[in-house]
Amino acid sequence: MIAGLSIGTDARRYFHFSLPRLAIGTVILRPLLYGALYLWTFWNPFGEVEKLPVAIVNIDKGTTLAGESLDAGEQVTQQLIKSGQLDLTKVKTEKAAMADLESGKYYFVIVIPEDFSAAVASPTGDDPRQAKMTFYFNDANSYLSTIIGQDAAAQVINQVNAAISKQSMGEVLT
């Protein structure tokens, strides 16, 4: 047992060459490298949301409210783009946006429907209803991007609700 540690043993001859030292170094450093890269990749995924490519489709037709035209869909679209919270790209049709979502160009799509302005103006009429937006996600791009997108969607909904309620309250009060 002690003879294995003495000078001139097989262990000393084994580590005398550079290849065994390289093998030991690789066995030790490779997991450290993978661990460091993993941590670097997932350190703060919500910190770079403004770089997430997102398509926004506005198919709102607009409406008339108190004799004035109201295009709430366009107002919301411009406000979201101007906020800079997401890398928003305005896309003309829902079909094109969905094709780009499937191809991986966008991580999610926001669609403002045709009756969005009418729904925003509806509290002043006889048939009040909720103004809805649709969000489409693609898990094939990345599950993490879907989670980030759902969090961003909640932020977008809060921002839109604040803007719409401010406008609606002003209209109701006047």
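Residues numbered from 1 in each chain as written. Predicted model: local features only at pLDDT ≥ 70, side-chain atom pairs only at ≥ 80, totals over all residues. Heavy atoms only, no water.

### What about the nonpolar core?
Formally: By nonpolar core we mean a set of buried residues, namely Ala, Val, Leu, Ile, Met, Phe, Trp, Tyr and Cys, connected to one another through side-chain atoms within 4.5 Å. Type-normalised accessible area, obtained with a 1.4 Å probe on protein chains alone, sets the label of each residue: buried when under 20%, exposed when over 50%, and partly exposed for intermediate values. Numbering of helices and strands runs from the N terminus; a helix is a DSSP stretch of H or I covering at least four residues, while a strand is a stretch of E covering at least two. Contacts are residue-level and defined by heavy atoms, with any inter-residue pair within 4.5 Å sufficient.
Core analysis: the biggest nonpolar cluster contains 25 residues, and Leu-86, Phe-108, Ile-110, Phe-116, Met-133, Val-156 and Val-160 have the highest contact counts within it. Broken down by element, the residue count for this core peaks at six residues, all from helix α6 (residues 143-173). Residues contacting Val-160, with those up to four places away along its chain left out, are Val-76, Leu-80, Phe-116 and Met-133. Among the nonpolar cores identified, the runner-up in size contains eight residues, and Val-57, Leu-101, Val-109 and Val-111 belong to it.

### Digging into the environment of Ala-131
Within the secondary structure, Ala-131 is located in the loop between α5 (116-121) and β6 (134-137). Residue Ala-131 is classed as partly exposed on the basis of its relative accessible area of 26%. Between the alpha carbons of Ala-131 and Ser-117 there is a distance of 7.7 Å; along the sequence they are 14 residues apart. With residues up to four places along the chain from it excluded, the contact list for Ala-131 reads Phe-116, Ala-119 and Val-120.

### Quick notes on the sheet that holds strand β5 (residues 108-112)
The line we're drawing: Two strands qualify as a pair provided DSSP detects at least 2 bridges between them. Here the axes come from fitting lines to C-alpha atoms, over the contacting stretch only for helices, and the angles between their N-to-C directions go from 0 to 180 degrees.
Ordered by their spatial adjacency, four strands build an open sheet running β4-β1-β5-β6, and the pairing between neighbours is mixed. In this open sheet, the two strands that pair with only one neighbour each are β4 (87-91) and β6. Averaged over all adjacent pairs, the angle separating strand axes in this sheet is 25°, with direction ignored. Of the strands in this sheet, β1 (53-58), β4 and β5 are in contact with helix α3 (residues 72-83), which crosses β4 at around 150°.

### Quick look at α3
What counts, and what does not: For a helix, the expected span equals 1.5 Å multiplied by the residue count minus one. Here, the arc refers to the directions that run from the helix axis to the C-beta atoms.
Over its 12 residues, α3 extends 16 Å from the first C-alpha to the last, a length consistent with the 16 Å expected when each residue adds 1.5 Å. Every buried residue belonging to α3 is among Ala-72, Gly-73, Val-76, Thr-77 and Leu-80, and all of these are buried. Axial view of α3: buried residues confined to an arc of 135°, hence all on one face. Among the residues trailing α3, Gly-84 stands out with phi positive, at a value near 70°.

### Remarks on helix α2 (residues 18-41)
Three- or four-residue spacings in an α-helix give side chains the same orientation, since the helix completes a turn every 3.6 residues. Formally: Each residue is assigned a bend, namely the angle between axes fitted to the seven residues that terminate at it and the seven residues that start at it.
Taking 1.5 Å per residue as the helical rise, α2 with its 24 residues ought to reach 34 Å, and the 33 Å between its terminal C-alpha atoms agrees with that figure. Where α2 bends most, the angle comes to about 25°, and this point is Leu-29, followed within four residues by the proline Pro-31. Counting buried residues in α2 gives one out of 24 residues, a small share hidden from the surface.

### Digging into a nonpolar patch on the surface
Test applied: By definition, no residue in a patch forms a salt bridge, and every one has over 30% relative accessible area; like charges are joined within 9 Å, nonpolar side chains (Val, Leu, Ile, Met, Phe, Trp, Tyr) within 5 Å. Shrake-Rupley sampling with a 1.4 Å probe provides the accessible areas, and residues are treated as covered by the protein chains on show and by no other component. Salt bridge criterion: a side-chain nitrogen from Lys or Arg within 4 Å of a carboxyl oxygen from Asp or Glu.
A contiguous nonpolar patch, built from Ile-24, Val-27, Ile-28, Leu-29 and Leu-32 and spanning about 520 Å² of accessible area, is present on the exposed surface. If you trace the backbone, Ile-24 turns up in helix α2. Overall, the relative accessible area of 43% leaves Ile-24 in the partly exposed class.

### So, the side chain of Asn-138
Position of Asn-138 among the secondary structure elements: in the loop between β6 and α6. Beyond its immediate sequence surroundings of up to four residues, Asn-138 is in contact with Leu-101, Glu-102, Tyr-107 and Thr-146.

### Some remarks on the environment of Ser-103
Locating Ser-103 in the fold gives a position in helix α4 (residues 94-103). For the pair Ser-103 and Ala-140, spaced 37 residues apart in the sequence, the C-alpha separation amounts to 9.5 Å.

### Let's talk about the packing of aromatic side chains
As a reminder of what qualifies: Only Phe, Tyr and Trp rings are paired, with Trp represented by its six-membered ring, and only when their centres lie within 6.5 Å; those with planes under 30 degrees apart are stacked, over 60 edge-to-face, the remainder tilted.
With the rule as written, the count across this model stands at one aromatic pair. Where Phe-108 meets Phe-137, the ring centres are 5.2 Å apart and the plane angle is 40°; that geometry is what we call tilted. In this pair, Phe-108 sits in strand β5 while Phe-137 sits in strand β6, placing the two residues 29 residues apart along the sequence. You can call Phe-137 partly exposed: its relative accessible area is 27%.

It is worth stressing that arrangement in space is one thing and function is another; only the former is reported here.
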